[in-house]
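Working through the structure, step by step
Chain by chain, the residues run as shown.
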Amino acid sequence: MLSKLPFRCSLILALVILSQCLRGQSNLENTNSEYTITKRLLSVEDGLASHEVFCGVQDNAGFLWFGTRNGLNRYDGKTCLLFTRQRNKLQDNKVVQLAKDNADNLFIEYGSTGFQLTTNGKVDVMNVTTQAVTTLTASFPNMPFKEQDVYWLSNDGTDEINFLTAYPFRLWKYSSKNGFKLRYEIKDWSRTDSLPFVDFHSTGPFCMFAQGKALLKIFNQSTQYLVSKDTVIAFTQKDALKSLPIGFNNQHDLLITYATAAVPDTFNVGTITHKGSSEFPANAKEFNADSIQGKYWYQVANSRNGTSCILYNATDGLYLWNENAFLKVVAKPELKAFENLFLYQLFSDNLGNLWLCTSLGVFQLTIEKNRFTQYFTSKQQYIESNSQARGIYADDSGEVVANIWTHIFAQQNGKMQNIADDEIKYALVNHHATLYCGGYNLFHYNEKENKLIKLPGGAGSEIWSMFSLNDSLLLLGRTNGFSLFNSNSRHFDSVPPSPTNAPEAKFVYRFFKSNDDSLWAVAENGLYKIITVNGKWSMVNRQSSFINGLSLLDACQDTRGIFWLATNGEGLYRWDRKNDSVRQFNVTSGLPSDVVYRIEQDDYGNLWISSDYGLIRFNLSTFSVNTYTTANGISHNEFNRTSSFRAGDGRSFFGGLDGINAFYPGDFIAD
């Protein structure tokens, strides 16, 4: 059951041609990587009666209802049903406010013609099940006020509906169980000199209703009233040129952003506490509102739960505030005529989506905690301009280390360090409690002292992969063949192929152990098995007409003994080595690309596969595919060869053209 909320807006609406608005599946580049933002814009192209959508609410059956300039729409997620004066005997077509009760009734308030958001004293009641429509007067012949005196109505996050009536100015609470109850009468508004140049019919949107409370306001310098179930707090902002409610913090204090005559071009933040005291300005950082300060806000739309709002700056964008985040959700370049946008109402649905009613249509916004954690991206570090990642290592203490082009970066407990030399770094491994990284040379990285030490005698072709064979021997996979490093003697040795005339491995990207504890190497030109004969290490190329024709980038063996091969240009192969059967999965099978770089298995029957267009979750039983892109919170859609790691706690890490993305596969089970 969803709440919808009226929201403060300008009194006069500019005449705007809205036909050129940009429809949005596009995702804004979000500077806060802890959250993902998905959005779309619904407008007349989707069946709405008008670009101008004043209000919305979700009924108990899940349907969304939108009030527009040209009628009432019911939206089921795909199609819109239209209700009008001509078709359904509504009193009018300009629907400016909606509210619902817990008996399947929809209360519909209408506005006067023209471009002012002004109510006209007409209210209908529709049964959303039967779609029968009657006037408010006919539905409640004994109600304690006249229909024509109602100038605003709203839900407030509870089962009650708030009615504002004029002369005298009163707040009424209605529920299907208790009927109409007078909550408060505002006596000083009724004086003839109290409302200079103000038409009260246009002031309903200045009020805020949330958490069972009502903020009653008629213009900026008038006395405002914060009415809750048990208390009424009166306050004034006599020096405020403009004052907009933000919402409530977790202490139930009301937050207000405002501009004064002394500082008219930027807004500050103040509070009205739940105990009645005021603080203007307040310490905005305590409730994550410090980013609101210093900007000019044209309008604000509040959610019905009162814990979030959308703020509009005509020269910049739309921002979401809550106590956990302050995010830009729509940038000005995303919408034509953005500078003429008007916000009317914000409400959420039963699935947690936000719906913002505006003069351009309805924005559907989904704000979620990002399940991916980013490391060493171009937004997180400015030391290395080329932020593409290769080797990755993470331990149980929370330390994450990665090769970022010519640098090594390390991060733990929010603290980051780095060091570099002239070589591009590829492989990274923990060998006998020591970190080693490979470029053309082999390096020892001392993370405690943040020192990088080149080991003499190891120069050669690039080191793409490494594997710790035992306490002393480190196996190196290079662009051309293999070599061994003895960490005790500090000597390097070559590892010959077997037989000696066998083709040399090219670009050795990975070492992995199969279920029988055999050690395999993945090279671009085939699979190699590492063996020892009379104490000597050698490499045996596993000849296969099928494998020999592939350009391999990675491989692994699952718990059932099946080999999975990642290729450069042919997608993913399932290879049953016992019967030599093969099955290919590519873009026709649902993969986003046929270039797949790296594979990591999880504990839930999936392979996680990086590609040059997104991160793939591939189910081993159903072969179903889920693809995650920047829209889902990763830092870049293109990943890299040799860049992945699975940590001891089950976390997976994948590196790409902009840093590293880490995640717990268990967080994606519901997908």
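Once a new chain begins, its residue numbering starts again from 1 and follows that chain's sequence as written. Residues qualify for local features only when their pLDDT is at least 70, as the model is predicted, and side-chain atom pairs are given and counted only at 80 or more; totals for whole chains, interfaces and linings, by contrast, use all residues. Water and hydrogen atoms were dropped before computing side-chain values, which therefore reflect all heavy atoms in the structure.

Focus on the overall build of the chain
Looking only at helices and strands, the chain has three helices and 57 strands in total. Summarising its shape, the C-alpha atoms of the chain cover approximately 105 × 55 × 45 Å along the three principal directions. Relative accessibility thresholds used throughout: buried, under 20% of the residue-type maximum; exposed, over 50%; partly exposed, between the two (1.4 Å probe, protein chains only). Counting every position in the chain, which comprises 671 residues, the buried fraction comes to 57%. By definition in these notes, contact holds between two residues if any of their heavy atoms fall within 4.5 Å. The contacts in the chain between residues at least 6 apart in sequence include a share of 49% that link residues at least 24 apart. Surface exposure here means Shrake-Rupley accessible area, sampled with a 1.4 Å probe, where a residue is shielded only by the protein chains that are shown. In the structure as shown, the chain presents an accessible area of about 27400 Å², 47% of it carried by carbon and sulfur atoms. The distance from the centre of the 61 positive side-chain charges to the centre of the 65 negative ones in the chain is 3 Å. Helix and strand assignments follow DSSP, with helices taken as H or I runs no shorter than four residues and strands as E runs no shorter than two, numbered in order from the N terminus. By the counting scheme adopted, Arg and Lys are positive, Glu and Asp are negative, and His together with the chain ends is not counted. Working definition for charges: the position is that of NZ of Lys, CZ of Arg, CG of Asp or CD of Glu.

Considering the pattern of salt bridges
Here a salt bridge means any side-chain nitrogen of Lys or Arg lying within 4 Å of a carboxyl oxygen belonging to Asp or Glu. One pass over the structure, following the stated rule, counts 16 salt bridges. Lys451 is the partner of Glu449 in a salt bridge, and the nearest nitrogen-oxygen pair spans 3.3 Å. Relative accessible area serves as the criterion here: at 48%, Glu449 is assigned to the partly exposed category. Connected through salt bridges with shared partners, the residues Lys295, Asp316 and Lys328 form a single ionic network.

A look at the environment of Pro245
Take Pro245: it is sitting in strand S18 (residues 240–248). Given a relative accessible area of 2%, Pro245 falls into the buried group. In sequence terms Pro245 and Cys207 are 38 residues apart; their C-alpha atoms lie 8.5 Å from each other.

A look at the nonpolar core
One broad rule of soluble globular proteins: the nonpolar side chains tend to lie buried together. Within this scheme, the nonpolar core is defined by two criteria: the residues are buried Ala, Val, Leu, Ile, Met, Phe, Trp, Tyr or Cys, and they are joined through side-chain atoms within 4.5 Å. Among the nonpolar cores identified, the biggest contains 45 residues, and Trp65, Phe66, Leu72, Leu98, Leu106, Ile108 and Leu216 are the most heavily contacted of them. No other element matches strand S2 (residues 53–58), which puts four residues into this core. Each residue touching Leu72, except ones within four places of it in the same chain, is listed here: Trp65, Phe66, Gly67, Leu81, Leu82, Phe83, Leu90, Val95, Leu98, Leu106, Ile108 and Met126. The next biggest cluster of nonpolar side chains, apart from the first, holds 25 residues, and it includes Tyr375, Ala389, Ala402 and Ile408.

Here's the deal with the packing of aromatic side chains
Aromatic rings from Phe, Tyr and Trp, taking only the six-membered ring of Trp, are treated as a pair when their centres fall within 6.5 Å; an angle between ring planes under 30 degrees marks them as stacked, one over 60 as edge-to-face, and anything in between as tilted. The final tally for this structure, using the stated rule, is 67 aromatic pairs. An angle of 80° between the planes, with centres 5.7 Å apart, marks the rings of Phe169 and Trp189 as edge-to-face. Separated by 20 residues along the polypeptide, Phe169 in strand S12 (residues 169–175) and Trp189 in the loop between strand S13 (179–186) and strand S14 (208–210) bring together distant segments of the chain. Consider the rings of Trp297 and Tyr319, whose centres lie 5.7 Å apart with planes at 75°: the pair is edge-to-face. Of the two residues, Trp297 is situated in the loop between strand S21 (278–279) and strand S22 (299–302) and Tyr319 in strand S24 (residues 317–322); the sequence distance between them amounts to 22 residues.

Some thoughts on unusual backbone geometry
Across the chain, the bulk of peptide bonds are trans and the bulk of non-glycine residues have phi less than zero. Cis rather than trans, the peptide bond between Phe280 and Pro281 has omega equal to -5°. In this model, Ser498 is joined to Pro499 through a cis peptide bond whose omega is -5°. Summarising the element assignment, Pro499 is placed in the loop between strand S42 (497–498) and strand S43 (508–513). In the Ramachandran plot, Asn288 falls in the positive-phi region, its phi being about 60° despite a non-glycine side chain.

Thoughts on the pairing of strand S37 (residues 451–455)
Being paired, for any two strands, means DSSP has found at least two bridges between them. Sheet topology note: the strand S36 (residues 442–446)/S37 ladder contains five bridges and is antiparallel. Bridge pairing in S37 links Asn446 to Lys451.

Section: the environment of Asn534
Tracing the backbone shows Asn534 in the loop between strand S45 (526–533) and strand S46 (536–541). Taking the C-alpha atoms as reference, Asn534 lies 34 Å from Gly648; in sequence the two are 114 residues apart.

Let's talk about the side chain of Asn302
Summarising the element assignment, Asn302 is placed in strand S22. Pairs of N or O atoms are called polar contacts if they sit within 3.5 Å, as long as, within protein, a hydrogen donor faces a hydrogen acceptor (for residues adjacent in sequence, only side-chain-to-side-chain pairs). Here the side chain of Asn302 touches Ile246 through a polar contact of 2.8 Å, landing on its backbone oxygen.

Some remarks on the pairing of strand S3 (residues 64–68)
Counting buried residues along S3, five of its five residues qualify, which places the element largely inside the surrounding structure. What you see with S3 is no split at all: Leu64, Phe66 and Thr68 on one side and Trp65 and Gly67 on the other are buried throughout. Sheet topology places S2 next to S3; five bridges connect them, and they run antiparallel. Directly across from Gln58, in S3, lies its bridge partner Leu64.

A closer look at the side chain of Asp349
Locating Asp349 in the fold gives a position in the loop between strand S26 (343–348) and strand S27 (354–358). Buried Asp349, no salt bridge; nearest opposite-charge side chain is Arg40, N-O distance 8.0 Å. Among the polar contacts listed, one links the side chain of Asp349 to the backbone nitrogen of Leu351, at a separation of 2.9 Å.

Observations regarding the confidence of the model for the chain
As a note on interpretation, predicted positions should not be read in detail where pLDDT is low. Every residue is assigned a pLDDT by the predictor, reflecting its confidence on a scale from 0 to 100. In this model, the chain carries an average pLDDT of 91, and 94% of its residues clear a pLDDT of 70 or more. A low-confidence stretch, residues 1–30 (pLDDT under 50), is modelled with 124 contacts involving residues beyond four sequence positions or located in other chains.

Some remarks on the sheet that holds strand S29 (residues 373–375)
Taken in spatial order, the four strands line up as S29-S57-S56-S55 in an open sheet, and their pairing is antiparallel. Whereas interior strands pair on both sides, the edge strands pair on one side only; in this sheet they are S29 and strand S55 (639–646). Adjacent strand axes in the sheet meet at a mean angle of 20°, parallel and antiparallel pairs treated alike. Here S55 runs beside strand S56 (residues 652–656); their pairing, made up of four bridges, is antiparallel. By the bridge assignment for S56, Arg646 is matched with Ser652. Orientation is described by lines fitted to C-alpha atoms, with helices fitted over the stretch in contact, and by angles between N-to-C directions that extend from 0 to 180 degrees.

Section: the sheet that holds strand S23 (residues 309–313)
In space, the four strands of this open sheet follow the order S22-S23-S24-S25, with antiparallel pairing throughout. Unpaired on one side and paired on the other, S22 and strand S25 (325–331) mark the two borders of the sheet. In this sheet, neighbouring strand axes are inclined to one another by 20° on average, regardless of whether the strands run parallel or antiparallel. Direction of pairing for S23 relative to S24: antiparallel, over a ladder of five bridges. Note on S24: the bridge partner recorded for Asn313 is Gly317.

So, the environment of Ala521
Here Ala521 is to be found in strand S44 (residues 519–523). Accessibility expressed as a relative area gives 0% for Ala521, which makes it buried. Distance in space between the C-alpha atoms of Ala521 and Met539 is 8.6 Å, their sequence separation being 18 residues. Apart from the residues lying within four places of it in its own chain, the contact partners of Ala521 are Phe482, Val508, Arg510, Phe511, Gly526, Leu527, Tyr528 and Ile530.

Concerning the state of the cysteines
Two cysteine sulfur atoms form a disulfide, by the criterion used here, when they sit within 2.5 Å. With the rule as written, the count across this model stands at zero disulfides. As a non-bridged cysteine, Cys55 has Cys357 as the owner of its nearest cysteine sulfur, 6.5 Å distant.

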